[in-house]
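Residue-level structural notes
Here are the chains, one letter per residue:
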Amino acid sequence: MLVLLLGIAAMAQNAPDHPSVTVDGKTFTPRSILARNMGTPEDQTTAFAPHKIVGNVYYVGTKTLSAFLVVTGQGNVLINSTYERNVRTIQKSIEQLGFKFSDTRILLGNHAHGDHMEGDALVKELTGAQVVSMAEDVPALKAMKPGGKEHPVDRIIHDGDEVTLGDVTLTAHLTAGHTSGATTWTMPVSEAGKTYRVVFYSSLRSPAVLTPPVIEQFKRSFAVVRTLPCDLPLGDHPAEYGMTEKYAKLKPGVSNPFIDPSGCYLEADMEEAMFKAILAEQRKAEPSQ
Ligand SMILES: [Zn+2]
């Protein structure tokens, strides 16, 4: 058993770049997905032009790490602090849009990895925001201590719980697999007299080695995401929803390119195909019982 576990650990470190899957005319490998999501170190820390997405939802993240601001009459909700070194960049983007960073009342996150939630302690220090975390991600968050800072957790939520600020209510959906508490957030947004269902997806990217509990988490999550009503898909990495391409199409008088119901499950389709391919390879390689 120990030898098998050590073997799996070694496999994860030197993960070969297969399988490959082709979905919607594009071919992906584990490494190409990671490269697409993360870009260069500079992409991870350079602000992308802050912009309005729809209604009261704004983009305030970097070129490859998403951060979203939801503006309400009672202060604002920030989704994803990203790396701690990006917090001042996010602050600047919020201010460029004409909002106050100090109005951040609630801090949410998509999942307990440093590129999405490492900056939580600093955001709390600077704004006093309440930090909300999915119960299953709390242990991983508590282990995240940039500069030795304790990771704040002010409210622990569970699948289906709601977070309300002013006239805005976000619903938390447990979409585990990438982490145990990976959370997809949904909320309705009004623009020009219409209501749109916005989905802030957490990554559905498989690790190189799938353990039995993680396999069950992903199976459940791929089913769950397809039940979420969606008009406007977003993601914790901009490439997951084609931000750059959609942003380039933003023009006054033209319909909002971020409203993309037919794109709502594209990322899940691709990640599910990759998950199944990784699982099939792994089952083939496993010694027969
Ligand atoms: Zn991650």
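From a predicted model like this one, the values you see are computed outputs, not experimental measurements.

A look at empty space enclosed by the protein
Under the definition given, this model contains one cavity of 30 Å³ or more. In this model, the largest cavity occupies a volume close to 60 Å³. Considering the residues around the largest cavity, the lining is formed by Gly109, Asn110, His111, Met117, Val132, Ser133, Met134, Asp137, Leu141, Gly181, Thr183 and Trp185. Going through the elements one at a time, β8 (130-134) and β12 (183-191) are the ones with two or more residues in the lining of the largest cavity. No other element matches the three residues that β8 contributes to the lining of the largest cavity.

Remarks on the coordination of the zinc ion
Coordination of the zinc ion by the protein involves His111 (NE2), His113 (ND1) and His178 (NE2), with metal-donor separations of 2.1 to 2.2 Å. In the primary structure, the donors to the zinc ion are separated according to the pattern H-x1-H-x64-H. With a relative accessible area of 1%, His111 lands in the buried category. When its relative accessible area of 30% is taken as the criterion, His113 is described as partly exposed.

So, the packing of helix α2 (residues 30-38) against helix α10 (residues 266-285)
The relative placement of two packed helices comes down to the angle between their axes together with the axis-to-axis distance. In the contact formed by α2 and α10, the axes pass within 11 Å of each other and the chain directions differ by 145 degrees. Regarding α2 and α10, the two cross each other, and that crossing is left-handed. Of the residues in α10, those touching α2 at Pro30, Ile33 and Arg36 are Glu267, Met270, Glu271 and Met274. In the contact of α2 with α10, the residues fall into four nonpolar, no polar and three charged.

Focus: the sheet that holds strand β11 (residues 168-174)
Pairing is mixed across the open sheet formed by five strands, whose spatial order is β10-β11-β12-β13-β14. Edge positions in the open sheet fall to β10 (162-165) and β14 (232-235), since each of these has one partner strand only. Pairwise comparison of adjacent strand axes, ignoring direction, gives a mean angle of 25 degrees for this sheet. Of the strand pairs in this sheet, β10 and β11 are connected by four bridges, and their pairing is antiparallel. Its bridge partner lying in β11, Glu162 is registered against Thr171.

What counts, and where the lines are drawn
- Residues numbered from 1 in each chain as written.
- Predicted model: local features only at pLDDT ≥ 70, side-chain atom pairs only at ≥ 80, totals over all residues.
- Heavy atoms only, no water.
- 1 Å grid on protein atoms, 1.4 Å probe; cavity = no way out; pocket = protein on both sides within 12 Å on 5 of 7 lines; lining within 4 Å.
- Points joined across faces, edges and corners; volume = space filled by probe spheres on them.
- Helix = DSSP H or I, 4+ residues; strand = E, 2+ residues; numbered from the N terminus.
- Donors = N, O, S within 2.8 Å, 3.2 Å for Na, K, Ca; no water.
- Buried < 20%, exposed > 50% of the residue type's maximum accessible area, 1.4 Å probe, protein only.
- Axes fitted to C-alpha atoms, helices over the stretch in contact; angles between N-to-C directions.
- Left-handed = near helix turned anticlockwise from the far one by under 90°.
- Contact = heavy atoms within 4.5 Å.
- Nonpolar A, V, L, I, M, F, W, Y, C, P; charged D, E, K, R; others polar.
- Pairing = 2+ DSSP bridges.

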